[in-house]
Amino acid sequence: MAHGEVLGFEEYVRTRQEALLRSARRLVPDPVDAQDLLQTALVRTYGRWDGISDKSLADAYLRRVMINTRTEWWRARKLEEVPTEQLPDASVEDGSQQRADRALLLDLLDTLAPKQRSVVVLRHWEQMSTEETADALGMSPGTVKSTLHRALAKLRQELEARDRDARALERAETRRIHRQGGRERERCAA
């Protein structure tokens, strides 16, 4: 790689780093994993930088590398769930409703297959057109549309199921409290 190409790559990274990190953060939920994903993608792109003749397409190329890398990680992951008798304390971050909605959305995105997640992120978060998404993912526009349709339906279904579960838990807790209150009144009367 020529000295000018190295400087060109360094300048590209300096100017686009924040936007690329946001893209990585949308592909993986953990901020540390997002930084690792971006760094891995940058290392892979650096070796091919001189092969990218139109540098205006570098963002699309790098996003594709991040998506492929994330998919490789997902396929290679080991499920390391360890059963325990006690659940860890659930800590709720003090923040606005927007943070809670964002966390819910990221959690819901985890229910999608990698291909579906990529389409949703590029179309709705990155606000790419159907054609741009198709080019970035190497698929036809029709496949993007059908994948997006199925992904959004799955997200709606998951959100509705979680809402039903939450309402059922609230009703059960309310009944338990009412039953407990009735027993307390009986004890006081006796």
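Whatever comes next refers back to the structure up there.
Bear in mind the structure is a predicted one, so any value in this text is a computation, not a measurement.

A full pass over the atoms with the stated rule returns one cavity of 30 Å³ or more. Size it by volume and the largest cavity reaches roughly 30 Å³. What lines the largest cavity is S23, L27, R63, I67, V121, L122 and E126. Within the residue set of the lining of the largest cavity, elements represented by two or more residues are α1 (3-27), α3 (58-76) and α5 (114-125). Counted by class, the lining of the largest cavity contains four nonpolar, one polar and two charged residues.

Further remarks concern unusual backbone geometry. In this structure, Q127 takes a positive phi of about 55 degrees despite not being glycine. Residue position: Q127 is located in the loop between α5 and α6 (130-137). Q127 sits in the exposed class, given a relative accessible area of 65%.

A word on the pattern of salt bridges. Scanning the model with the defined rule gives nine salt bridges in all. Between D59 and R16 there is a salt bridge, and its shortest N-O distance comes to 2.5 Å. With D59 in helix α3 and R16 in helix α1, this residue pair connects regions lying 43 residues apart in the sequence. Classification of D59 by relative accessible area gives buried; the value is 14%. R44 is paired through a salt bridge with E72; the nearest N and O atoms lie 3.0 Å apart. Taken as a pair, R44 in helix α2 (residues 31-46) and E72 in helix α3 lie far apart in primary sequence, 28 residues in all. R44 gets classed as partly exposed once you look at its relative accessible area, which sits at 37%.

What follows deals with the layout of surface pockets. Considered as a void within the structure, the largest pocket measures approximately 360 Å³ in volume. In terms of lining, the largest pocket is formed by 15 residues, of which the most central are V28, P29, R70, W74 and D110. Counting residues per element, the ones that place at least two in the lining of the largest pocket are α3 and α5. Top contributing element to the lining of the largest pocket by residue count: α3, with three residues. Residues that form the lining of the largest pocket fall into these classes: nine nonpolar, no polar and six charged. Counted as a void, the second largest pocket has a volume near 180 Å³.

Moving on, we come to the environment of D110. By the secondary structure assignment, D110 is in the loop between α4 (97-109) and α5. For D110 and P29, which are 81 residues apart along the polypeptide, the C-alpha to C-alpha distance reads 8.1 Å. The residues touching D110, leaving out its near neighbours within four places in the chain, are P29 and R117.

Running from N to C, α2 and α3 cross one another at 120 degrees; their axes reach a closest spacing of 9 Å. Taken together, α2 and α3 sit at an angle that is classed as oblique. Remark: the crossing between α2 and α3 carries right-handed chirality. Packed against α2, whose contacting residues are D33, D36, L37, L38, T40, A41, L42, R44 and T45, the element α3 presents Y61, L62, V65, M66, T69, R70, E72 and W73 at the interface. Residues that form the contact of α2 with α3 fall into these classes: nine nonpolar, three polar and five charged.

In this section: the nonpolar core. Among the nonpolar cores identified, the biggest contains 36 residues, and Y12, L38, L62, M66 and L109 are the most heavily contacted of them. For this core, the secondary structure elements donating two or more residues are α1, α2, α3, α4, α5, α6 and α7 (141-189). In terms of residue count, α1 provides more of this core than any other element does, six residues in total. Leaving out residues up to four positions away in the same chain, L38 has contacts with Q17, L20, L21, A24, L62 and M66.

Analysis parameters
Throughout, residues of each chain are indexed from 1 in the direction in which the sequence is written. Only residues with pLDDT of 70 or above have their local features reported here, since the model is predicted, and side-chain atom pairs are shown and tallied only from 80 upward, although totals for entire chains, interfaces and linings are computed over all residues. Heavy atoms from the whole structure form the basis of all side-chain values; hydrogens and water molecules are not counted. The distinction between a cavity and a pocket rests on a 1 Å grid over the protein atoms alone: a 1.4 Å probe fits inside a cavity but cannot get out, while a pocket stays open yet meets protein on both sides within 12 Å along at least five of seven lines, and a residue with an atom within 4 Å of a point counts as lining. Grid points are joined across faces, edges and corners, and a volume is the space filled by probe spheres set on the points. In DSSP terms, a helix is any run of H or I states spanning at least four residues, a strand is any run of E spanning at least two, and both are numbered starting from the N terminus. We call Asp, Glu, Lys and Arg charged. Ala, Val, Leu, Ile, Met, Phe, Trp, Tyr, Cys and Pro are nonpolar, and the rest, Gly among them, are polar. Only protein chains enter the accessibility calculation, which uses a 1.4 Å probe; a residue is then buried when its area is under 20% of its type maximum, exposed when over 50%, and partly exposed in between. Salt bridges are identified by distance alone: a Lys or Arg side-chain nitrogen within 4 Å of an Asp or Glu carboxyl oxygen. It only takes one pair of heavy atoms within 4.5 Å for two residues to be counted as in contact. Lines fitted to the C-alpha atoms define the axes, with helices restricted to the stretch that makes contact. Angles between their N-to-C directions range from 0 to 180 degrees. Any angle that falls under 35 degrees is termed roughly parallel, while one over 145 is termed roughly antiparallel, one within 65 to 115 roughly perpendicular, and all others oblique. Take the far helix as the reference: if the near one is turned anticlockwise from it by less than a right angle, the crossing is left-handed, and if turned clockwise, right-handed. In plain words, nonpolar cores are sets of buried Ala, Val, Leu, Ile, Met, Phe, Trp, Tyr and Cys residues tied together by side-chain atoms within 4.5 Å.

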